[in-house]
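What follows is the residue order along each chain.
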Amino acid sequence: MRYVLTLVAGTGETLSETDIEHAGETLRGAGGDTGPAIVLAPRKAVDIPLELEPENTAAARNALAQALAARPIDWLLQAAAGRRKRLLVADMDSTIITVECIDELADFAGRKAEVAEITERAMRGELDFAGALRARVAMLGGLTTDVLLKCFEDRIRLTPGARSLVATMRANGAYTALVSGGFTFFTSRVREMVGFDWDQANRLGITDGRLSGEVEEPILGADGKLVALRRIEATRGIAATESLAIGDGANDIPMLQAAGLGIAFHAKPKTAAAAEARVDHGDLATPLFFQGYRHTEIVNG
């Protein structure tokens, strides 16, 4: 069949037969012809094959959004062909890791609340990213560089499923990149922890063992992430349809929209509205189910 609907229960939740039947009925009500559900993970994730006229896909997605709104289920209706991607480009802060590094660094300077407010507004798309980054980094000026390692060791935690997402895609031939508007000190270490092939981020200015309060130019923001995605596709011979991008903030929107599959992960409203797919309830294993991986194929990274 030309299309497939994937349903994935949120963290700590169960996918019931009623959920599956309700989704199937919704698709049929939108003019689709469904096949038997395929279990990807027992009581966790299923695929529902679907024959649907292309002009009816928007109506089917709208109907599903209403039908599943009250359930803690992440879902994606997509073409069945080409689901497994050859490239993963991921944001770091609040995506691969659970925190915003700059907010945690600011805590050591006694300015976390002030910095976190700017971060939130920037990630919502209410502020210019580069300007907001310069303003926040200025508040870190004077911190000794040993704070960077202490912050990494004490504050940085991986999002559940991060290692499995990267390990499984790499095991199946994909190239994986961590592209962040944060800082190379953290991306280089998170790359090693998780197993990414490559990382790119901004560089903090350092003078005499202390943060200078400046960030090196040019700043890697939304445009830089998009350029990184396109450059990797070009240099590795990967078609845009074969790439997957994932992130949570407004600065991720261009790369999410340019990728073959863009996933907004527990994202800010503007980002969630702009992306083709959303993960609102689950962890980073969900993008694997969206690609049709069965639980037996998932590598525990």
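Higher on the page you've got the structure.
Residues numbered from 1 in each chain as written. Predicted model: local features only at pLDDT ≥ 70, side-chain atom pairs only at ≥ 80, totals over all residues. Heavy atoms only, no water.

1. A look at the sheet that holds strand 11 (residues 243–247)
Convention followed: Note on pairing: DSSP must find at least two bridges between two strands before they are called paired. Only DSSP runs of H or I reaching four residues or more are called helices, and only runs of E reaching two or more are called strands; each is numbered from the N terminus. Between N-to-C directions, angles span 0 to 180 degrees; the directions come from axes that are lines fitted to C-alpha atoms, helices contributing only their stretch in contact. Contacts are residue-level and defined by heavy atoms, with any inter-residue pair within 4.5 Å sufficient.
The strand order across the open sheet formed by six strands is 8-7-6-11-12-13, and the pairing between neighbours is parallel. Two strands in the sheet have a free side with no partner beyond their single neighbour: strand 8 (198–202) and strand 13 (277–279). Across the sheet, the axes of successive neighbouring strands diverge by a mean angle of 20 degrees, strand direction being ignored. In the sheet, strand 6 (residues 87–90) pairs with strand 11 via four bridges, with the strands oriented parallel. Across the sheet, residue L88 finds its bridge partner in strand 11, namely L244. Against the sheet, helix 8 (residues 162–171) engages strand 6 and strand 7 (175–183), with an angle of about 155 degrees to strand 6.

2. Structural notes on helix 1 (residues 17–29)
Residue pairs three or four apart in sequence face the same way in an α-helix, which turns once every 3.6 residues. For clarity, the threshold we go by: In a helix, the anticipated span is given by 1.5 Å times the number of residues less one. Only protein chains enter the accessibility calculation, which uses a 1.4 Å probe; a residue is then buried when its area is under 20% of its type maximum, exposed when over 50%, and partly exposed in between. This arc is built from the directions going out from the helix axis to the C-beta atoms.
Along its 13 residues, helix 1 runs 18 Å from first to last C-alpha, staying within 8% of the 18 Å computed at 1.5 Å per residue. What helix 1 keeps buried is the set D19, I20, A23, G24, T26 and L27. In a view along the axis of helix 1, the buried residues occupy a sector of 160 degrees, so they form one face of it. Turned more than 90 degrees from where helix 1 packs its buried face, E17, T18 and G29 sit exposed. If you follow the buried residues of helix 1, they end up packed against strand 1 (3–9), strand 2 (33–34), strand 4 (45–51), helix 2 (57–67) and strand 5 (73–79).

3. Regarding the packing of aromatic side chains
Our working rule: Here a Phe, Tyr or Trp ring, Trp counted by its six-membered ring, pairs with any other such ring whose centre lies within 6.5 Å, and the pair is stacked when the planes are under 30 degrees apart, edge-to-face when over 60, and tilted otherwise. Working rule: Lys NZ or Arg CZ, within 6 Å of ring centre, within 35 degrees of ring normal, means a charge sits over the ring.
The final tally for this structure, using the stated rule, is one aromatic pair. For the ring pair F185 and F186, a centre distance of 5.3 Å and an interplane angle of 75 degrees mean the geometry is edge-to-face. Over the aromatic face of Y293 sits the side chain of R84, whose NZ or CZ is 3.8 Å from the ring centroid. The aromatic ring of F185 is capped on one face by R189, whose charged end is 3.7 Å from the ring centroid.

4. Side note on helix 10 (residues 222–236)
Taking 1.5 Å per residue as the helical rise, helix 10 with its 15 residues ought to reach 21 Å, and the 22 Å between its terminal C-alpha atoms agrees with that figure. Turning to helix 10, its buried residues are K225, A228, L229, I232 and E233. The arc that holds the buried residues of helix 10, viewed along the axis, is 125 degrees, so those residues lie on one side. Exposed side of helix 10, more than 90 degrees from the buried face: D223, A234 and T235 are the residues found there. Elements that come into contact with the buried residues of helix 10 comprise strand 6, strand 7, strand 8, strand 11 and helix 11 (253–258). Once helix 10 ends, the next one or two residues include G237, with phi positive near 65 degrees.

5. Here we look at the nonpolar core
Put simply, the rule is: Side-chain atoms within 4.5 Å are what join buried Ala, Val, Leu, Ile, Met, Phe, Trp, Tyr and Cys residues into a set we call a nonpolar core.
Counting residues in each nonpolar core, the largest one holds 63 residues, and the members touching the most others are I96, L105, F186 and V190. When residues in this core are grouped by element, the largest group, five residues, is from helix 6 (residues 129–138). Not counting chain neighbours up to four residues away, the residues in contact with V190 comprise M92, I96, I97, F152, I156, L158, L178 and G195. Of all hydrophobic cores here, the second largest spans 19 residues; its members include L87, L220, L256 and A272.

6. Quick notes on the pairing of strand 10 (residues 210–215)
With three bridges connecting them, strand 9 (residues 204–207) and strand 10 associate as antiparallel partners. Counterpart to I206 in the pairing with strand 10 is L211. Counted between consecutive antiparallel strands, the loop separating strand 9 from strand 10 contains two residues, among which D208 sits at a positive phi close to 55 degrees.

7. Some details on the pattern of salt bridges
The line we're drawing: We define a salt bridge as a contact between a side-chain nitrogen of Lys or Arg and a carboxyl oxygen of Asp or Glu at a distance within 4 Å.
Inspection of every chain in the model, using the stated rule, returns 21 salt bridges. Across the salt bridge formed by E53 and R2, the nearest N and O atoms sit 3.7 Å from each other. On the criterion of sequence distance, the pair formed by E53 in the loop between strand 4 and helix 2 and R2 in the segment before strand 1 is long-range, its members being 51 residues apart. On the basis of relative accessible area, E53 is assigned to the partly exposed category, the value being 41%.

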